[in-house]
Amino acid sequence: MGKRRKIAHNAHPPQKPGAGSQKLQNGAQPKQKKQKKPQAQHDGPTIPFAPEEKILLIGDGDLSFAASLVEHHYCADVTATVLEKNLEELVEKYPHVSENIAKIEAEGSRVLYNVDATKMAPFLDKKGKDSTGVMDRIIFNFPHVGGKSTDVNRQVRYNQELLVEFFKRAMPSLAPGGSVIVTLFEGEPYTLWNIRDLARHSGLQVERSFKFQASAYPGYHHARTLGVVKSKSGEVGGGWKGEDRAARSYVFVRKDEEGRPAPRSGKKRSRAPDDESSGDD
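Residues numbered from 1 in each chain as written. Predicted model: local features only at pLDDT ≥ 70, side-chain atom pairs only at ≥ 80, totals over all residues. Heavy atoms only, no water.

Looking at this structure, I do not really get unusual backbone geometry. What am I missing?
Leaving glycine out, the prevailing phi sign among residues is negative, and the prevailing peptide bond configuration is trans. Following Glu188, the chain continues to Pro189 via a peptide bond in cis, the omega torsion being 5°. By secondary structure assignment, the location of Pro189 is in the loop between β5 (174-185) and α7 (195-201). Of note, Phe142 is a non-glycine position whose phi angle comes to about 55°, a positive value. With respect to the element layout, Phe142 can be found in the loop between β4 (135-141) and α6 (152-170). With a phi close to 55°, Asn194 is a non-glycine residue in the positive phi region. Along the chain, Asn194 turns up in the loop between β5 and α7. For Asn194, a relative accessible area of 42% corresponds to the partly exposed category. (Helix = DSSP H or I, 4+ residues; strand = E, 2+ residues; numbered from the N terminus. Buried < 20%, exposed > 50% of the residue type's maximum accessible area, 1.4 Å probe, protein only.)

Here is the structure:
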């Protein structure tokens, strides 16, 4: 048996000296290349607020977004505003809105009517020169002036004017470290609005932006400025669905301060290219 083992051992031709054989002679194991682990997709939505924060919603349409914040995100202090003068006018535009109002008010939050984003009074802790804004997050989802003009350039200008005036009115209401969050559809004509520049000229800077995912807000439906869409037979629900379109949220903070961080998503994941970006993008 010993001879056979010797023969079998010596049957292999001697290795030529080289880098590989030298390592083996020294007893060192050859290094193995580390395999890169596939990066996980950032599927989790970014939620730019915390339940305990004071949240102001501008132009909330049918109030389904506010209802979702209260009912599913457990936000305890939401002030939802609409442009319509009263409940009657709001119901005429959005027949189902009463259900959302009931959800909002049942949890101690409130709905304010006749609030124009370009003319609204500030939300302050007290009157006087020493007053401070009280809103941690001011959110304006899908601002739009409506069909004021069929001319694209004029329509762009009207919406830019809306945003500039909104930024001016929103800043006094911001609590220290608070942020203004505006969500727009992606692509033209919305990219023509140049929202980053508009905010910069108003004393704000972009902290970050992220992909808006409507699915993160159960019960939320995109409400058009002109009200619900009806089919030729009068049934509600025709036309396109805004929640199915790609959209992006921009987080703005005052130029002279850093924003207070809000929870982003539940788990840490590597960022997908189109999901979240810093203000430098």
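On we go from here.
Where do I start with the side chain of Gln155 in this structure?
On the secondary structure map, Gln155 appears in helix α6. The residues touching Gln155, leaving out its near neighbours within four places in the chain, are His144, Val145, Gly146, Gly147, Lys148 and Ser149. (Contact = heavy atoms within 4.5 Å.)

Help me understand helix α3 (residues 64-71), please; the structure alone is not making it clear to me.
Since there are 3.6 residues in each turn of an α-helix, residues three or four apart along the chain are aligned in direction. Among the eight residues that make up α3, seven are buried, leaving the element largely enclosed by the rest of the structure. Buried residues of α3: Ser64, Phe65, Ala66, Ala67, Ser68, Leu69 and Val70, and no others. For α3, the secondary structure elements touched by its buried residues are β1 (54-58), β2 (77-81), α5 (97-106) and β4.

Which parts of the structure should I look at to understand the nonpolar core?
Nonpolar side chains in soluble globular proteins generally cluster together in the buried interior. Formed by 60 residues in total, the largest nonpolar core has its most connected members in Phe166, Phe167, Val182 and Phe252. Per-element accounting of this core gives the leading share, six residues, to β5. Not counting the four nearest positions on each side in its chain, Phe167 is found in contact with Val180, Val182, Ile195, Leu198, Ala199, Ser202, Leu204 and Phe252. (Core = buried A, V, L, I, M, F, W, Y, C linked by side-chain atoms within 4.5 Å.)

Explain the pattern of salt bridges to me, please; I cannot follow it from the model alone.
Between side chains of opposite charge, a pair can form as their charged atoms come close. Across all of its chains, the model carries seven salt bridges by this definition. Here Lys54 and Asp77 are joined by a salt bridge, their closest N and O atoms 2.8 Å apart. Pair noted here: Lys54 is in strand β1 and Asp77 is in strand β2, with a separation of 23 residues, a long-range link. The closest approach of N and O atoms between Glu84 and Lys93, which form a salt bridge, is 2.8 Å. Judged by its relative accessible area of 6%, Glu84 falls in the buried class. (Salt bridge = Lys/Arg side-chain N within 4 Å of Asp/Glu carboxyl O.)

I tried to follow the packing of aromatic side chains on my own but got confused; where do I start?
Geometry of an aromatic ring pair is reported as the spacing of the ring centres plus the angle between the planes. Per the counting criterion, the structure on display carries 13 aromatic pairs. Pairwise contacts between aromatic rings join Phe49, Phe65, Phe142, Phe185, Tyr190, Trp193, Phe212, Tyr217 and Tyr220 into one cluster. In this structure, Arg157 is placed above the aromatic ring of Tyr158, and the distance from its NZ or CZ to the ring centre is 5.9 Å. The lysine or arginine in question, Arg245, covers the ring of Phe185, its NZ or CZ lying 4.3 Å from the ring centre. (Phe/Tyr/Trp six-rings, centres within 6.5 Å; stacked < 30°, edge-to-face > 60°. Lys NZ or Arg CZ within 6 Å of the ring centre and 35° of its normal.)

Mind showing me how you'd approach the packing of α3 against α5 here?
A pair of packed helices is characterised by two quantities: the angle between their axes and the separation of those axes. One can describe the packing of α3 onto α5 by two numbers: an axis separation of 9 Å at closest approach and a directional angle of 35°. Here α3 and α5 pass one another in a crossing that is left-handed. Contacts between α3 and α5 involve Ser64, Ala66, Ala67, Val70 and Glu71 on the former and, on the latter, Asn100, Lys103 and Ile104. When the residues that make up the contact of α3 with α5 are grouped by side-chain class, the tally is four nonpolar, two polar and two charged. (Axes fitted to C-alpha atoms, helices over the stretch in contact; angles between N-to-C directions. Left-handed = near helix turned anticlockwise from the far one by under 90°. Nonpolar A, V, L, I, M, F, W, Y, C, P; charged D, E, K, R; others polar.)

Functional significance is not addressed by these values, which are geometric in nature.
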